[in-house]
Amino acid sequence: MKTRTPISVYIIVTIGLTIMAFEMFAHDSGYFSSPFFWGLMLIAIILLLIMNSIGDLIENQNFSRLSDEEKALYIKEKSTPYFQKLWNSAFKKQSATEEKDILIDHGFDGITELDNALPKWWIGLFWFGCIFCAVYLTAFSFTEYAHPEAELNHETKTMLASIAEYEKTAPQINLESAKYSADNVTEGQELFKTNCATCHGEGAKGGIGPNLTDKYWINVKEKSLFKNVFWMLENGSPNNPTMRPLIKEGTITGRDAEKIAAYIYHINQETASITPAQGGAAPQGQEVQWENGND
């Protein structure tokens, strides 16, 4: 009669498999705080304890049928700790007498073969790998687990939600508080593409609206270029209704306008202008010498 695996091992394995399943199939990574998760764990442990109790009854019944010699052998085997058995099955060498019992009756050139049983830890890893592969393939095929695009979308939504939450309590950016930062240029470029490129063209080279990379400006409301762009985004153009007051309309926030203004300042003051020969729109308005500074 073989000794049984301790209930603690079953509980550890069950907890590990449950966490793996939730990690793959749960949409929210905060399942540890979910009552459903802990309720499921409690039910699983209770069922394991019931299974173990039934196993004890069967074991006692089978033990009573053994001979005295078999009982003594079983008690000796059971007294060995479970993990010691795993260690022995992997690394303990057989004695010469034990090798004779498992020697396979064939050989070649003095080389013989023993009918060794596979180590229990190896068998356990093998079945764990099979179960993991089955669960992983199922999760990959029928859920969004391990899909890079789904993970990116989830992270993007989380990031945008955190930004929106920050915007609720962050101080509002207005004409007086807006300041240029080179760190805003990249985001400002993306915001420009979304909100301004339709009229001002790719790279602000001009189109329906004027070229924003040259020194000529139709509306001059502030002494610095950065502040002037912010003023236009907030109030719109008094000369052309197509240039709407994007901030006042709620199309963009003051923080967005700060980033767009940083991008326009960058391409106007820190890079070469796009000339008509290079595909830029012809100059409109008057040539302006902006004051030094970008805030």
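Please read these numbers as outputs of a predicted model, since none were measured by experiment.

J.: Would you take a moment to explain the overall build of the protein chain for this structure?
T.: A tally of helices and strands in the protein chain yields 12 helices and 4 strands. In terms of C-alpha radius of gyration, the protein chain reaches 37 Å, well past the compact-globule figure of 19 Å for 295 residues. Its C-alpha atoms give the protein chain principal-axis dimensions of roughly 110 × 55 × 35 Å. Looking at the 295 residues of the protein chain, the share that counts as buried comes to 26%. Taking the intrachain contacts of the protein chain between residues at least 6 apart in sequence as the baseline, contacts between residues at least 24 apart amount to 63%. Distance between charge centres in the protein chain, computed from 24 positive and 36 negative side chains, equals 4 Å.

J.: Sorry, what's going on with helix 8 (residues 185-195) here?
T.: Residues spaced three or four apart along an α-helix point in a common direction, a consequence of the helix completing one turn every 3.6 residues. Listing the buried residues of helix 8 in full gives Val185, Gly188, Leu191 and Phe192. Seen from one end, helix 8 has its buried residues packed into an arc of 115 degrees, which puts them on one side. Exposed residues pointing more than 90 degrees away from the buried face of helix 8 are listed as Thr186 and Thr194.

J.: Mind showing me how you'd approach the UniProt feature "transmembrane region" (unreviewed entry) in the protein chain here?
T.: According to UniProt, the positions carrying the feature "transmembrane region" (unreviewed entry) are residues 7-25, 37-58 and 121-142. The distance from the first to the last C-alpha atom of residues 37-58 is 32 Å, and the span holds 100% helix and 0% strand.

J.: Help me out: how do you make sense of the pattern of salt bridges in this one?
T.: Taken as a whole and assessed by the stated rule, the structure comprises 6 salt bridges. Ionic pairing is found between arginine 4 and aspartate 56, a salt bridge with its closest N-O pair at 2.9 Å. You can see arginine 4 sitting in the segment before helix 1 (7-25) and its partner aspartate 56 sitting in helix 2 (residues 35-64), a full 52 residues away along the chain. The class of aspartate 56 is partly exposed, set by a relative accessible area of 29%. Taking the shortest distance from any N to any O, the salt bridge between lysine 193 and glutamate 190 comes out at 3.7 Å. On the criterion of helical spacing, the pair formed by lysine 193 and glutamate 190 is a turn pair, its members being 3 residues apart in helix 8.

J.: What am I meant to see in the packing of helix 1 against helix 6 (residues 120-142) here?
T.: The axes of two packed helices give the description: the angle between them and the distance between them. It is the contact of helix 1 with helix 6, at a shortest axis distance of 10 Å, that shows an interaxial angle of 20 degrees. Judged on the interaxial angle alone, helix 6 and helix 1 are roughly parallel. Judged by the sense of rotation from one axis to the other, the crossing of helix 1 with helix 6 is right-handed. Within the contact between the two elements, helix 1 uses Leu17, Met20, Met24 and Phe25 and helix 6 uses Phe128, Ile131, Phe132, Val135, Tyr136, Thr138 and Ala139. Class assignment for the residues of the contact of helix 1 with helix 6 results in 10 nonpolar, 1 polar and no charged.

J.: Just to check I follow, could you spell out the environment of glycine 209 for this structure?
T.: Within the secondary structure, glycine 209 sits in the loop between helix 9 (197-200) and strand 3 (216-217). Each C-alpha atom of the pair glycine 209 and alanine 281 lies 8.7 Å from the other, and the pair is 72 residues apart in sequence. Each residue touching glycine 209, except ones within four places of it in the same chain, is listed here: Cys199, His200 and Gln284.

J.: What am I meant to see in unusual backbone geometry here?
T.: Among all residues save glycine, negative phi is the norm, and among peptide bonds the norm is trans. We note that alanine 204 has phi near 65 degrees; this positive angle belongs to a residue other than glycine. Within the element layout of this structure, alanine 204 appears in the loop between helix 9 and strand 3.

J.: It is not clear to me how the packing of helix 2 against helix 3 (residues 68-79) should be interpreted in this structure. Could you clarify?
T.: Remark: helix 2 packs on helix 3, axes separated minimally by 10 Å, with the N-to-C direction vectors making an angle of 145 degrees. Along its contact with helix 2, which presents Glu59, Phe63 and Ser64, the element helix 3 presents Lys71, Tyr74, Ile75 and Lys78. Along the lines of polarity and charge, the residues of the contact of helix 2 with helix 3 split into 3 nonpolar, 1 polar and 3 charged.

J.: Is there a simple way to explain the nonpolar core in this structure?
T.: One broad trend across soluble globular proteins is that nonpolar side chains are buried collectively. Formed by 31 residues in total, the largest nonpolar core has its most connected members in Phe192, Trp217, Leu233, Ile260 and Ile264. Looking at this core, the elements with two or more residues in it are helix 8, helix 10 (225-235), helix 11 (246-249) and helix 12 (254-270). With 8 residues, the top contributor of residues to this core is helix 12. Non-local contacts of isoleucine 264, meaning those with residues more than four positions away in its chain, are made with Phe192, Leu212, Trp217 and Val229.

J.: Got a minute to help me understand the packing of aromatic side chains in this structure?
T.: Any pair of aromatic rings gets described here by the distance separating the centres and the angle formed by the planes. In this structure the tally under the stated criterion is 19 aromatic pairs. Between phenylalanine 22 and phenylalanine 36, the aromatic rings sit 6.0 Å apart at their centres with planes inclined by 50 degrees, giving tilted as the arrangement. Of the two residues, phenylalanine 22 sits in helix 1 while phenylalanine 36 sits in helix 2, which places them 14 residues apart along the sequence. Measuring from ring centre to ring centre gives 6.2 Å for tyrosine 180 and phenylalanine 226, while their planes differ by 85 degrees; the resulting arrangement is edge-to-face. Taken together, the residues span a long stretch of sequence, with tyrosine 180 in the loop between helix 7 (148-169) and helix 8 and phenylalanine 226 in helix 10 at a distance of 46 residues. The burial state of tyrosine 180 is the same as that of phenylalanine 226; both residues are buried. By the ring-pair criterion, three or more aromatic residues cluster together here, those being Phe22, Tyr31, Phe32, Phe36, Phe37 and Trp38.

Definitions and cut-offs
- Each chain has its residues counted from 1, following the order in which its sequence is written.
- Note on the predicted model: pLDDT of at least 70 is required for a residue's local features to be given, and 80 or more for side-chain atom pairs to be given and counted; whole-chain, interface and lining totals, by contrast, use all residues.
- Excluding hydrogens and water, the side-chain values take into account all heavy atoms of the structure.
- Put simply, DSSP marks the helices as runs of H or I at least four residues long and the strands as runs of E at least two long, and each gets a number from the N terminus on.
- To get the radius of gyration, use the C-alpha atoms; to get the globule rule, take the number of residues to the power 0.38 and multiply by 2.2 Å.
- Only protein chains enter the accessibility calculation, which uses a 1.4 Å probe; a residue whose area is less than 20% of its type maximum is buried, one above 50% is exposed, and one in between is partly exposed.
- Throughout, a contact is declared for two residues whenever any of their heavy atoms are within 4.5 Å.
- Within this scheme the basic residues Lys and Arg register as positive and the acidic residues Asp and Glu register as negative, but His and the chain ends are omitted.
- Where a charge lies is defined by one atom per residue type: Lys uses NZ, Arg uses CZ, Asp uses CG and Glu uses CD.
- By arc we mean the arc of the directions from the helix axis to the C-beta atoms, nothing more.
- UniProt positions are given in the numbering used here, feature names are shortened, and annotations may be inferred rather than shown by experiment.
- Think of a salt bridge as a Lys or Arg side-chain nitrogen and an Asp or Glu carboxyl oxygen that are within 4 Å of each other.
- Axis definition: a line fitted to C-alpha atoms, limited for helices to the stretch in contact. Angles are taken between N-to-C directions and run from 0 to 180 degrees.
- When an angle is under 35 degrees it counts as roughly parallel; over 145 it counts as roughly antiparallel; between 65 and 115 it counts as roughly perpendicular; any other value is oblique.
- In a left-handed crossing the near helix is turned counterclockwise from the far helix by less than a right angle, and in a right-handed crossing that turn is clockwise.
- Ten residues, namely Ala, Val, Leu, Ile, Met, Phe, Trp, Tyr, Cys and Pro, are considered nonpolar, four, namely Asp, Glu, Lys and Arg, are considered charged, and the remaining ones, Gly among them, are considered polar.
- Residues enter a nonpolar core if they are buried and are Ala, Val, Leu, Ile, Met, Phe, Trp, Tyr or Cys, with the set joined through side-chain atoms within 4.5 Å.
- Pairing of aromatic side chains here covers Phe, Tyr and the six-membered ring of Trp, requires ring centres within 6.5 Å, and sorts the geometry by plane angle: under 30 degrees stacked, over 60 edge-to-face, intermediate tilted.

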